[in-house]
Amino acid sequence: MRAALTTTLLAILTCVHAGGATLDRDLSGFAARFQAAQPSENQQAIWKLDWEDHLSTALARAKTERRPVLFIHVTNITGPSNFGTGHC
Amino acid sequence: MRGSCLSHTDTLEALRGFIVTSWSGNTDLRDPKGMPPEVAKVHAAAAGTIVKGNIKCFILTPDGEVEAVFNAFPNNDVSTFGFNSDEAGRFFADSVRHFASELKIPETANDTSRLALPTTLQDGTPADARLLLHISPRSQPSQYRAAVAEPLRLGPELRAALSAAKDASRTVAASSLAPVLNHFYPPAIMQNTGRISAVSGDLALTPIGANRDGAWAKLTGTATLTLDDGADTKFPVLVDALVVTDAASGAFKSVRGILEGTCPKVPFGNGRGRTHQIEMIGTFASFDAR
C-alpha cells in the first residue's frame, strides 16, 4: 500500500515538474522571439531626443529649465502625423 | 525626416540641449482648424519669414520667442540628397547649429545616451501598453528607417476578452485586440488617412500553465487588418502573444506579443505603378507585463 502511494505521489510530482518545465520552456522561447523582434537601437535613436507631446508643455518646461525648443509643424491634415510616436 | 534628420548622430548632438515637439495641422491662420493658440502665436511671430513646404521647423528661445524658422531640406526638396539619409541628417544638424548659434544652451540638459520611449497618450494620461513597430530591412525605403512607438490604452473589452486564461482553450475575436492592432500600419502611407479601419478574424487562447505570476495562456492566430488607403486594402497579421491572468480570480493581468505582417502599399489614384510590399514587425507589452 505504502509503495503504491509513493509511486502515485512520485508520478504526480513528476507531472507537475514536467508541466512547470514545459511552461518555463514556453516562456523562455517566447522571450527570445520577443527580444529578436525588437527594433535596433539605431531605429529607436529618435527617442534619445527630449520629446514633449505638446508645444504648450514644451514651452512651460523651456521657461523653467531655460532651454530652447525645436518645434516641427507638419501640414499633413489627412493622415496621422505624430513625429513623437512615428505614425506620420 | 524622422529616420534621416532627427535620428542622425549629428542631430542628436546638435539638439542635446533642446526640448523637441511637433504638431500637425492646417497652417492657414485665417482658417486654423483647431490650431492651438500657442501654435498660432508662433506662426504670427514668424509671419515675416516665408518657409515653403509641409514641414516647417521653428527654433524658439526659452521664453518662447521665435529665433529662426527653416525647412528641414534645402530648397524645400526632400530628394535634394537623393534620399541619402546621412547627408540629409548632416544638413539638418548644421541648420540647427547655424540658427541656434546665438542661443545659450545648457550643455547637460538632456542625456542623449538614454532612450526615453513615449509612455503617455496624446491627452497626457498614462498609457497601459506600448507597441514598437519597425520595417524589415528587406523592404525599407528611407522614410521607414525610424521605428514607431505607439502608447496604447488597452480598454475594458480587451481585458474582458483575455480574462480567465487558465480555463479551457477558446476562440477570441481578433477585434478584441483592436487597441493594439489598430496601430499596426506603416508610417508614411500618405493615402487617405492611412490608418487601420477594421480588424477581423479569430485568435486562439490556449492555457499553458501557471506559476507564481499567475495563469498563462498563448494567444495565437491570424488577424486581418483593413487599411484606409482609398482601396480598403486588407492584409494578414500573425499574432504570437502571451497573456497572464490572476490564477484565482481569472482577472486580466498583462499581455505581450509579437506581430508580423506585410502591408501592400498599392498605387494611389490612377492605379499605375507597382505595389510596394512593406514587411512590418511589431512587439507590444502592457507596462505591468513581466
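As the structure is a prediction and not an experimental result, all values here were calculated from the model.

(A) Structural context of the overall build of chain B. In terms of helices and strands, chain B carries six helices and 12 strands. Along the first, second and third principal axes, the C-alpha set of chain B runs to 65 × 50 × 40 Å. At a minimum sequence separation of 6, the contacts of chain B that also span at least 24 residues come to 60%.

(B) Highlighting the overall build of chain A. When its secondary structure is counted, chain A shows two helices and one strand. Among the 88 residues that make up chain A, the fraction classed as buried is 32%.

(C) View of the sheet that holds strand E2 (residues 55–60) of chain B. Read from one edge of the open sheet, four strands run E1(B)-E1(A)-E2(B)-E3(B), paired in mixed fashion. The open sheet is flanked by strand E1 (19–24) and strand E3 (66–71) of chain B, the only strands paired with a single partner. Taking each pair of neighbouring strands and ignoring which way they run, the sheet shows an average axis angle of 20°. Relative to E2(B), strand E1 (residues 69–74) of chain A runs antiparallel, the two sharing six bridges. What sits directly across from A:Phe71, in E2(B), is B:Phe58.

(D) Structural detail: helix H2 (residues 55–65) of chain A. All buried positions along H2(A) are accounted for by A:Leu55, A:Ala58, A:Leu59 and A:Ala62. Projected onto a plane normal to the axis of H2(A), the buried residues spread over an arc of 100° and lie on a single side. Where H2(A) is buried, its residues meet E1 of chain A together with E1, helix H3 (37–45) and E2 of chain B. In the segment just after H2(A), A:Arg66 is the residue with positive phi, at about 55°.

(E) Summary view of the nonpolar core. With 87 residues, the main nonpolar core has A:Val69, B:Leu162, B:Leu181, B:Phe184, B:Leu219, B:Ala223 and B:Val243 as its most contacted residues. The element contributing the most residues to this core is strand E9 (residues 214–227) of chain B, with seven residues. Beyond its immediate stretch of four places on either side in the chain, B:Val243 contacts B:Leu162, B:Ala165, B:Leu205, B:Ala217, B:Leu219 and B:Val255.

(F) Focus on the interface of chain B and chain A. The interface of chain B with chain A comprises 72 residues on the first partner and 53 residues on the second. A class-by-class count of the residues in the side of chain B that touches chain A yields 39 nonpolar, 23 polar and 10 charged.

(G) Up close: the pairing of E9(B). Residues and elements named next belong to chain B. Bridge count between strand E7 (residues 196–200) and E9: four bridges; the pairing is antiparallel. Considered in E9, the bridge of Val199 is made with Leu225. Bridge count between strand E8 (residues 202–211) and E9: eight bridges; the pairing is antiparallel. Pairing of Ala210 across the sheet is with Ala215, part of E9. Taking the residues between adjacent antiparallel strands as the criterion, E8 and E9 are bridged by two residues. Pairing geometry for E9 and strand E10 (residues 233–245), over 13 bridges, is antiparallel. Note that in E10 the partner of Thr222 across the bridge is Leu238. With antiparallel pairing between neighbouring strands as the criterion, E9 and E10 make up a hairpin whose turn holds five residues, including Gly230 at a positive phi of roughly 95°.

(H) Layout of the environment of B:His98. Residues and elements named next belong to chain B. Inspection of the secondary structure puts His98 in helix H4 (residues 85–99). On the neighbour-count criterion, His98 (12 C-beta atoms within 10 Å) is exposed. Along the chain, His98 and Ala68 lie 30 residues apart, while their C-alpha atoms are 9.7 Å from each other.

(I) How the structure looks around the environment of B:Leu177. Residues and elements named next belong to chain B. With respect to the secondary-structure elements, Leu177 resides in the loop between strand E6 (170–173) and helix H6 (178–181). Sequence separation of Leu177 and Ala161 is 16 residues, and the distance between their C-alpha atoms is 8.7 Å. For Leu177, the residues in contact, after removing those within four places along its chain, are Leu158, Leu203, Ala223 and Val239.

(J) Quick peek at the environment of B:Asp232. With respect to the helices and strands, the residue B:Asp232 is situated in the loop between E9 and E10. When the C-alpha positions of B:Asp232 and B:Thr275 are compared, they lie 14 Å apart, and in sequence the two are 43 residues distant.

(K) Quick peek at the confidence of the model for chain B. Counting all residues, the mean pLDDT for chain B is 87, and 91% of those residues have values of 70 or more. For chain B, the element scoring lowest by mean pLDDT is helix H1 (residues 2–6) of chain B, at 81; H6(B) scores highest, at 98.

(L) Representation of the confidence of the model for chain A in the model. On average, residues of chain A score 81 in pLDDT, and 72% of them reach the 70 mark or higher. Looking over chain A, one finds the lowest element-wise mean pLDDT in helix H1 (residues 2–36) of chain A, namely 72, and the highest in H2(A), namely 95.

Procedures and definitions
- Within any chain, residue numbers begin from 1 and follow the written order of that chain's sequence.
- Key to labels: chains lettered from A, ligands numbered from 1, both in the order written.
- With the structure being a predicted model, the display of local features is reserved for residues of pLDDT at least 70 and the display and counting of side-chain atom pairs for 80 or more, all residues being used for whole-chain, interface and lining totals.
- Counting from the N terminus, the helices are the DSSP runs of H or I reaching at least four residues and the strands are the DSSP runs of E reaching at least two.
- C-beta atoms are first placed from the backbone for all residues, and any pair lying within 7 Å is then listed as a contact.
- Exposure is read from a count of other C-beta atoms within 10 Å of each residue's own; the residue is exposed at 12 or fewer, buried at 20 or more and partly exposed in between. C-beta atoms are placed from the backbone.
- A pair of strands is treated as paired once DSSP finds two or more bridges between them.
- In this analysis, axes come from line fits to C-alpha atoms, helices being fitted only over the stretch in contact, and the angle between any two N-to-C directions falls in the range 0 to 180 degrees.
- Taking the helix axis as origin, the arc is that swept by the directions to the C-beta atoms.
- Each nonpolar core comprises buried Ala, Val, Leu, Ile, Met, Phe, Trp, Tyr and Cys residues, the members being joined through C-beta atoms within 7 Å.
- Residues are grouped as follows: Ala, Val, Leu, Ile, Met, Phe, Trp, Tyr, Cys and Pro are nonpolar; Asp, Glu, Lys and Arg are charged; all remaining types, including Gly, are polar.
- Confidence scores here are pLDDT values: one per residue, from the predictor, ranging 0 to 100.

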